[in-house]
Amino acid sequence: MPNDERHYASSVADASLLTHPEHRALFDHWAENRSGEKVPLRGSFDPLTFHRSMPRMAIIERSGTKDAPIFRYRLAGTEIVRRAGRDPTGKSFEELYEGSYLETANQTYLEIVENGQAHFSQRVYPIGDGSSSLRYDRLILPYSSHGSAIDQFVLLIVVVEQDTPKKQIGSFSIFGGRENT
């Protein structure tokens, strides 16, 4: 199935409705470091404070121009890499995604740049050829590296469920199913 025909569920919720303790802790840290500003400085984020969450975190940076922004993964945690089956570090959204998924990703980050607010959504991400998927809750927090514009984002996913297909390896059949986390 072509990538742009896959179903990508997403619904945005108010950040005050965060129920996962890791999301709540990260959001509270972000809110405390705003210091009256629209968004906190990226330097106020201490990864060591969230060392247990780091495998499920990513840092995304914005470059390019206002009219032609480029969003690129600066860093992706080991669990994100493992579950997605590829390492997005150093790659732009255009290199990783296509079709409606690319469109949604760009639009989401542009909206965060525009409003400067935390973003929480529930997502379904296709893995491989689309016969497998990952359902997760995602929190994206905007930051500024110099205090003048939003140019970095900290993302934290909490995996809810992963679908895995049956796999044939040599003469062995490996039966997948739903992996609940």
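This text goes with the structure placed above it.
Rules of the game
- Think of each chain on its own: its residues are numbered from 1, step by step along the sequence as written.
- At least 70 in pLDDT is required for a residue's local features to be given in this predicted model, at least 80 for side-chain atom pairs to be given and counted, and no such filter applies to totals for whole chains, interfaces and linings, which use all residues.
- Hydrogens and water molecules were not included; the side-chain quantities draw on all heavy atoms of the structure.
- What makes a salt bridge here is a side-chain nitrogen of Lys or Arg within 4 Å of a carboxyl oxygen of Asp or Glu, nothing more.
- Going along the chain from the N terminus, every DSSP run of H or I of four or more residues is numbered as a helix, and every run of E of two or more is numbered as a strand.
- What is meant by a nonpolar core is a set of buried Ala, Val, Leu, Ile, Met, Phe, Trp, Tyr and Cys residues, joined one to another through side-chain atoms within 4.5 Å.
- A simple rule labels every residue: compare its accessible area, found with a 1.4 Å probe on the protein chains alone, to the largest value its type can have, and call it buried under 20%, exposed over 50%, or partly exposed in between.
- The contact definition used throughout considers only heavy atoms, calling two residues in contact when any of these lie within 4.5 Å.
- Helix span, as expected, comes to 1.5 Å for every residue beyond the first.
- Read the arc as the range of directions from the helix axis to the C-beta atoms.
- DSSP bridges decide pairing: two strands pair if at least two such bridges lie between them.
- Side-chain atoms alone can form a polar contact between residues adjacent in sequence; in general such a contact is a pair of N or O atoms within 3.5 Å, and within protein one must be able to donate a hydrogen while the other accepts it.

A. Layout of the pattern of salt bridges. In the structure shown here, the tally under the stated rule is four salt bridges. A salt bridge links Glu-79 to Arg-56; the nearest nitrogen and oxygen atoms lie 3.7 Å apart. Within this pair, whereas Glu-79 is found in helix 2 (residues 78-84), its partner Arg-56 is found in the loop between helix 1 (21-32) and strand 2 (57-64), the two being separated by 23 residues in sequence. Here the residues in one salt-bridge network are Glu-22, Arg-56 and Glu-79, joined through shared partners.

B. Here's a closer look at the nonpolar core. Ranked by internal contacts, the top residues of the largest apolar core, which has 41 residues, are Leu-26, Phe-93, Tyr-97 and Phe-153. Those residues in contact with Tyr-97 that lie beyond four places of it in its chain are Tyr-73, Arg-86, Leu-102, Ala-105 and Tyr-125.

C. Spotlight on the side chain of Glu-79. Residue classification places Glu-79 among the buried residues on the basis of a relative accessible area of 15%. Setting aside residues up to four positions removed in sequence, Glu-79 forms contacts with Pro-55, Arg-56 and Val-159.

D. View of helix 1. The first and last C-alpha atoms of helix 1 sit 16 Å apart over 12 residues, in line with the 16 Å expected at 1.5 Å per residue. Those residues of helix 1 lying buried are His-23, Leu-26, Phe-27, His-29 and Trp-30. All buried residues of helix 1 project into a common sector of 160 degrees when viewed along the axis, lining one side. Exposed and oriented more than 90 degrees from the buried face of helix 1 are Pro-21 and Glu-32.

E. Up close: the pairing of strand 2. As judged from the seven bridges shared by strand 2 and strand 3 (residues 69-76), these two strands associate in the antiparallel manner. For Ala-58, the partnering residue across the bridge sits in strand 3 and is Ala-76. The hairpin formed by strand 2 and strand 3 contains four residues between the paired strands.

F. Just the side chain of Ser-121, in detail. For Ser-121, the location among the structural elements is in strand 4 (residues 119-127). On the accessibility criterion, Ser-121 (0% relative accessible area) is buried. Within the structure, the side chain of Ser-121 is placed 3.2 Å from the side chain of His-119, a separation counted as a polar contact.

G. Local environment of the environment of Pro-69. Here Pro-69 lies in strand 3. For the pair formed by Pro-69 and Leu-110, sequence separation is 41 residues and the distance between their alpha carbons is 8.5 Å. Excluding residues that lie within four positions of it along the chain, Pro-69 makes contacts with Arg-62, Ser-63 and Leu-110.

H. Highlighting helix 4 (residues 99-115). When the terminal C-alpha atoms of helix 4 are compared, their 25 Å separation across 17 residues agrees well with the 24 Å that a helix rising 1.5 Å per residue should span. Every buried residue of helix 4 is listed here: Tyr-101, Leu-102, Ala-105, Asn-106, Thr-108, Tyr-109, Ile-112 and Val-113. Axial view of helix 4: buried residues confined to an arc of 155 degrees, hence all on one face. Residues of helix 4 that are exposed and point over 90 degrees away from its buried face: Glu-103 and Glu-114. At the exit of helix 4 stands Gly-116, carrying a positive phi of roughly 65 degrees.

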